[in-house]
Amino acid sequence: MYYSSGNYEAFARPRKPASVDNKAAWFVGSGLASLAGAAFLVRDGRMPGERITILEQQQIAGGALDGLKVPEKGFVIRGGREMEDHFECLWDLFRSIPSLEIDDASVLDEFYWLNKDDPNYSLQRATINRGEDAHTDGLFTLSEQAQKDVIALFLATRQEMENKRINEVLGRDFLDSNFWLYWRVRGMALGAGDEAVPASFHPPYRRAAGFLGAEVHQVQPVRIAGAAAGEVAAGARRAVPVRH
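All figures in this text were calculated on a predicted structure; none of them were measured in a lab.

**Q** Is there a simple way to explain the nonpolar core in this structure?
**A** Counting 17 residues, the largest nonpolar core has Val-150, Leu-170, Phe-174, Phe-179 and Trp-183 as the members making the most contacts within it. Breaking this core down by element, the ones donating at least two residues are α4 (144–155), α6 (166–169), α7 (172–175) and α8 (178–185). What Phe-174 contacts, discounting residues up to four positions off in sequence, is Leu-142, Ala-146, Val-150, Phe-179, Trp-180 and Trp-183. Counting residues in hydrophobic clusters, the runner-up holds nine residues, among them Phe-27, Ala-38, Val-42 and Met-47.

In structure tokens:
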């Protein structure tokens, strides 16, 4: 295993692999992994873009970050991503891809400038009254009994949770906690009377059973990622080779 640190090697380009011009790459699905893989093959692997093919069943590329630009309806996207300062791989990729809208700029430049001009993040975990800080202060406020309740929920089998409501398996201490506030509003829109099965088997929240502390993310606009994906995999729909 070879280890290095610092930016000395981060900014150096690898040598062009032998016979790469005679090789081809195929990616199944046009999600983030495939688009990033294709970009790194072009940049670091020196593989010609016309030798890279991305297969996609849907009519639009992007996977969970696909998007529709329909001015009369708005901009539609199935998934969102919370960005932060230490996405080294992502920012490294973005700095290599030219902007589709600004001459002599990278997608990273565009992303950075946009967030400076129109900051799109909040260090508040929760708000009330249309934007006022709820002063949860990053705390879970889980009592010992509430912690026991949620651990029991995560360890339960599906059969044990069938036909039960959340307020039948989680007590009042839990339902009065900040943790429940974070949980029910962060993408799940849960209520105390909802079924317990989705709560107990939703993967991100199974991991939350460790109570490792809430991380506050800086939420950035997603549309730039879509532009980057379009540049990397132009024509990736319906198994069209990548253009570079």
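Past the structure itself, the notes keep going.
**Q** What is the right way to look at unusual backbone geometry in this model?
**A** For residues other than glycine, phi is negative in most cases, and the peptide bonds are mostly trans. You will see that Ser-19, though not glycine, has its phi angle at about 60 degrees, which is positive. One non-glycine residue, Thr-141, lies in positive phi territory at about 50 degrees. For Thr-141, a relative accessible area of 42% corresponds to the partly exposed category.

**Q** Looking at this model, I keep getting lost on the side chain of Ser-106. Mind explaining?
**A** Relative to the helices and strands, Ser-106 resides in the loop between α2 (88–94) and α3 (107–117). Of the polar contacts made by the side chain of Ser-106, one reaches the backbone nitrogen of Leu-108; its length is 3.3 Å. Discounting chain neighbours no more than four positions away, the residues touching Ser-106 are Phe-94, Arg-95, Ile-97, Pro-98 and Ser-99.

**Q** What is the right way to look at the pattern of salt bridges in this model?
**A** Pairing between side chains of opposite charge can happen when the charged atoms of each approach one another. What the rule picks out here adds up to six salt bridges. Arg-172 is the salt-bridge partner of Asp-176, the closest N and O atoms lying 3.1 Å from each other. For the pair formed by Asp-176 and Arg-172, the shared burial category is exposed. A single network of salt bridges, built from pairs that share partners, joins Arg-43, Asp-44, Asp-92 and Arg-95.

**Q** Help me out: how do you make sense of the pairing of strand β2 (residues 52–55) in this one?
**A** Consecutive side chains of a regular strand alternate in pointing toward one face of the sheet and then the other. Taken together, the four bridges between strand β1 (residues 25–28) and β2 define a ladder with parallel strand orientation. Pairing of Val-28 across the sheet is with Leu-55, part of β2. Considered for its hand, the β-α-β crossover made up of β1, helix α1 (residues 32–43) and β2 is right-handed.

**Q** I keep staring at α1 and nothing clicks. Help me out?
**A** Every α-helical turn comprises 3.6 residues, leaving residues that sit three or four positions apart pointing alike. With 12 residues, α1 should cover 16 Å at 1.5 Å per step; its first-to-last C-alpha distance of 16 Å lies within 8% of that length. Within α1, the full set of buried residues consists of Ser-34, Leu-35, Ala-38, Ala-39 and Val-42. Around the axis of α1, the buried residues are gathered within 135 degrees of arc, so they sit on the same side.

**Q** Got a minute to help me understand the packing of aromatic side chains in this structure?
**A** The way to describe two aromatic rings as a pair is by their centre distance and the angle between their planes. Throughout the structure, instances matching the rule amount to eight aromatic pairs. Measuring from ring centre to ring centre gives 5.7 Å for Phe-174 and Trp-180, while their planes differ by 50 degrees; the resulting arrangement is tilted. Pair check on accessibility: Phe-174 and Trp-180 agree, each one buried. An aromatic cluster of three or more residues is present, and its members are Phe-140, Phe-174, Phe-179, Trp-180 and Tyr-182.

What counts, and at which threshold
- Residues numbered from 1 in each chain as written.
- Predicted model: local features only at pLDDT ≥ 70, side-chain atom pairs only at ≥ 80, totals over all residues.
- Heavy atoms only, no water.
- Core = buried A, V, L, I, M, F, W, Y, C linked by side-chain atoms within 4.5 Å.
- Buried < 20%, exposed > 50% of the residue type's maximum accessible area, 1.4 Å probe, protein only.
- Helix = DSSP H or I, 4+ residues; strand = E, 2+ residues; numbered from the N terminus.
- Contact = heavy atoms within 4.5 Å.
- Polar contact = N/O pair within 3.5 Å; in protein donor to acceptor, adjacent residues only side chain to side chain.
- Salt bridge = Lys/Arg side-chain N within 4 Å of Asp/Glu carboxyl O.
- Pairing = 2+ DSSP bridges.
- Right-handed = clockwise from strand over helix to strand, strands pointing away.
- Expected span 1.5 Å × (residues − 1).
- Arc of directions from axis to C-beta.
- Phe/Tyr/Trp six-rings, centres within 6.5 Å; stacked < 30°, edge-to-face > 60°.

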